[in-house]
Amino acid sequence: MNQIFGDEYLRSPNDNDINRLLQIGKAHGFLGMLNSIDCMLWEWKNCPVAWQDQYRRGDYRKPIVILEIVASQDLWIWHVYYGVVGSNNDINVLNQLPMFNHILESQAPLMQFTINETLYNMGYHLTDDIYLD
């Protein structure tokens, strides 16, 4: 997989990708948007019987896993995370992802855009309101 697809698909976005993503967002009225991020619960249909209890949550009878995905408008998937549900939710899954380390390490791509007379120096990922907490 790595040998065949690694250079093109198993990587972080490069400068050309980022520029393309910014242009797609701009064309839809979202200046500075890189892509969308969301978290969902996904039923694990073929979960081994011995594991089913640890993949259940009180409000779900069937085994489930958390799926978090980052995708761009052209359906390019930039990041996927699967995890055990338990006490995981959108916020604490996001807090343990290596995806945003480049921001914490000040290695995020530099870009500038202005919205409502406010200058921003980094792109953003479009999310639902759960991430605002």
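Before reading on, note that the structure itself is shown above.
The following refers to the structure shown. Only a predicted model underlies this, so the values are computations on that prediction, with no experimental measurement involved.

Focus on the sheet that holds strand S1 (residues 33–43)
Okay, step 1: Across the sheet, four strands lie side by side as S3-S2-S1-S6; this open sheet has mixed pairing. In the strand order of this sheet, the two ends are held by strand S3 (77–84) and strand S6 (124–126), each with one partner. Ignoring strand direction, the axes of neighbouring strands in this sheet form an average angle of 25 degrees.
Okay, step 2: Judged from the seven bridges that link them, strand S2 (residues 64–71) and S3 form a sheet pairing that is antiparallel. Residue pairing across strands places isoleucine 66 opposite glycine 83, the latter belonging to S3.
Okay, step 3: Relative to S1, helix H2 (residues 15–27) is tilted by about 85 degrees, and along the sheet it contacts S1 and S3.

Notes on the environment of lysine 62
Okay, step 1: By secondary structure assignment, the location of lysine 62 is in the loop between S1 and S2.
Okay, step 2: For the pair lysine 62 and leucine 119, spaced 57 residues apart in the sequence, the C-alpha separation amounts to 47 Å.
Okay, step 3: Non-local contacts of lysine 62, meaning those with residues more than four positions away in its chain, are made with Glu43, Tyr55 and Arg56.

Focus on the packing of aromatic side chains
Okay, step 1: In this structure the tally under the stated criterion is six aromatic pairs.
Okay, step 2: For the ring pair tryptophan 44 and tyrosine 55, a centre distance of 4.9 Å and an interplane angle of 85 degrees mean the geometry is edge-to-face. Here tyrosine 55 lies in the loop between S1 and S2 and tryptophan 44 lies in the loop between S1 and S2, a separation of 11 residues in the sequence.
Okay, step 3: Clustering of aromatic rings is evident, with ring pairs tying together Trp44, Trp51 and Tyr55.

A closer look at H2
Okay, step 1: The end-to-end C-alpha distance of H2 is 18 Å, a good match for the 18 Å that 13 residues give at a rise of 1.5 Å each.
Okay, step 2: Every buried residue of H2 is listed here: Asp17, Ile18, Leu21, Leu22, Ile24 and Gly25. Angular distribution of buried residues about the axis of H2 spans 160 degrees; they occupy a single face of the element. Relative to its buried face, H2 has exposed residues pointing more than 90 degrees away, namely Asp15, Asn16, Gln23, Lys26 and Ala27.
Okay, step 3: Considering only its buried residues, H2 is in contact with S1 and S3.
Okay, step 4: Between the side-chain oxygen of the N-cap and the backbone nitrogen of asparagine 16 there are 3.0 Å, and the N-cap of H2 in question is asparagine 14.
Okay, step 5: Backbone geometry just after H2 places glycine 29 at a positive phi near 85 degrees.

A few points about the pairing of S1
Okay, step 1: As paired elements, S1 and S6 share three bridges and run parallel to each other. Bridge assignment links serine 36 to a residue of S6, and that residue is leucine 126.
Okay, step 2: Pairing between S1 and S2: eight bridges, direction antiparallel. Counted as the bridge partner of serine 36 is alanine 71 from S2.

Definitions and cut-offs
Residues numbered from 1 in each chain as written. Predicted model: local features only at pLDDT ≥ 70, side-chain atom pairs only at ≥ 80, totals over all residues. Heavy atoms only, no water. Pairing = 2+ DSSP bridges. Helix = DSSP H or I, 4+ residues; strand = E, 2+ residues; numbered from the N terminus. Axes fitted to C-alpha atoms, helices over the stretch in contact; angles between N-to-C directions. Contact = heavy atoms within 4.5 Å. Phe/Tyr/Trp six-rings, centres within 6.5 Å; stacked < 30°, edge-to-face > 60°. Expected span 1.5 Å × (residues − 1). Buried < 20%, exposed > 50% of the residue type's maximum accessible area, 1.4 Å probe, protein only. Arc of directions from axis to C-beta. Polar contact = N/O pair within 3.5 Å; in protein donor to acceptor, adjacent residues only side chain to side chain.

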